[in-house]
Amino acid sequence: MMEIEQLNNYNWAALKEEMKQQAKELGIDQIGVASADPFTELKQQLIRHRELGRESGFEEPDLDKRTNPALLFDAPQSIIAIAITYTSKLEDAPRSVEGARRGFIARSAWGMDYHHVLKDRLQKLEDWLREKVPALRIESMVDTGALSDRAVAERAGLGWSAKNCMIISPELGSWIFLGEMITNLPLPPDTPLTDQCGTCTKCLDACPTGALVGPGELDAQKCISFLTQTKRVVPEQYLRKMGNRLYGCDTCQLVCPVNRHKNWTHQPEFEPDPELAKPLLLPLLKLSNRQFKEQFGHTAAAWRGKNPIQRNAVIGLGNFKEAGAVPDLITILLEDPRHVLRATAAWSLGRIGGEAAKNALGQAAETEEHEEVLQAIASSLKKVDYTAEERRLDDKL
């Protein structure tokens, strides 16, 4: 009751406009306000998504918590959504050449881990609001919170929910990070934007694995961004499609016409280091845990640890058919204690081919005991016996 009395004397519309005008000073590129009503339509979509087996497994498992702010916060009145931009172009990018092959880190993991940056911006916003409204209560979240960042951003009018499942801001494009705070402030909500994708299907057409199964529908189990972050053996049908991606995939954003010529460089925390955005692949294979943390620990790409990055480096070397990597791949195949790395090395050796690769695969077949590795070895032994002509045909498929 006391809280309600303390909140009764404010001009909430004026406060909202003042907050938006203050955004740039707080390091925030866009602010919108959404109602705290349940996301009823989203819940039905999530139920269907789960029934079809399209979840990544990284999400909050409780669908009620993902769609009902009242389960996360006592008497929510509004949700403030924020967006900050990140860099999309790499200046002075090092070249990937034979003998010095490089992988690629998605733009969302360039520079400092965005979770920390957004939490800093949300804290600045909270401090500013608390000066205006001492009775403020909030619950902030970024990416790992229960609510869907994109659903909140869409309702708050930051952008529309696009066919590639991204939020696209008319001004900023989709190169944006999203965060939100549930509040006890009865701020008037903004109006959601209407869909502006129109008849464009560039993102659906360009998706390497067909993970975008329809407009606004993503099968996370096929998504390369998801696959780069898993810790398991990547299904063989996706290995060549992964190319040299080490973390994430930007394809559906790169082909989006709205993103054309948009490159944001005013958030200093996301300034990319070219050597980290496009690291050499071979040195990654020998990184210790300490070295991995020193090199990547400050980035969003580090959250799953070094194993997925090393597995993806093995895949990249195989896709490059980097003959110079064969000795290191043989060592992994025959000596690495991680079966995921051994299986992936077997696949890469099969892609690269040659007598040394063939002999190592044959040797491994005699000693290996893990079923997934044995399957990879058997498949690769067939490939190393290809003729040169068969290899050329295989590469075209």
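An unreviewed UniProt entry lists the protein chain under the name Epoxyqueuosine reductase, with Paenibacillus yanchengensis given as the organism. Of the comments in the UniProt record for the protein chain, the one headed Catalytic activity (unreviewed entry) reads "epoxyqueuosine(34) in tRNA + AH2 = queuosine(34) in tRNA + A + H2O".

(A) Geometry of the pairing of strand S1 (residues 30–35). S1 sits mainly inside the fold: 6 of its 6 residues count as buried. Burial along S1 is two-sided: Gln 30, Gly 32 and Ala 34 and Ile 31, Val 33 and Ser 35, pointing in opposite directions, are all buried. Pairing geometry for S1 and strand S2 (residues 78–85), over 6 bridges, is antiparallel. For Ala 34, the partnering residue across the bridge sits in S2 and is Ile 79.

(B) Fine view of the UniProt feature "binding site: tRNA" (unreviewed entry) in the protein chain. The positions that UniProt labels "binding site: tRNA" (unreviewed entry) are, in the present scheme, Gln 229, Lys 231, Asn 289, Arg 290, Arg 304 and Lys 306. Mapped onto the elements, Gln 229 comes out in helix H8 (residues 224–229). With relative accessibility at 10%, the residue Gln 229 sits in the buried group. If we ignore the near neighbours within four places in the chain, the residues touching Gln 229 are Phe 58, Tyr 247, Trp 303, Arg 304, Pro 308 and Arg 311. By secondary structure assignment, the location of Lys 306 is in helix H14 (residues 306–320).

(C) Region of interest: the sheet that holds strand S7 (residues 176–183). Strand order in the open sheet formed by 4 strands is S1-S2-S7-S4, and the pairing between neighbours is antiparallel. The two strands at the open ends of the sheet, each matched to only one other strand, are S1 and strand S4 (138–141). With direction set aside, neighbouring strand axes in the sheet form an average angle of 20°. Across the sheet, helix H2 (residues 12–22) touches S1 and S2, and the angle it forms with S1 is around 150°.

Definitions and limits used
- Residues numbered from 1 in each chain as written.
- Predicted model: local features only at pLDDT ≥ 70, side-chain atom pairs only at ≥ 80, totals over all residues.
- Heavy atoms only, no water.
- UniProt positions renumbered as here; feature names shortened; annotations may be inferred.
- Buried < 20%, exposed > 50% of the residue type's maximum accessible area, 1.4 Å probe, protein only.
- Helix = DSSP H or I, 4+ residues; strand = E, 2+ residues; numbered from the N terminus.
- Pairing = 2+ DSSP bridges.
- Contact = heavy atoms within 4.5 Å.
- Axes fitted to C-alpha atoms, helices over the stretch in contact; angles between N-to-C directions.

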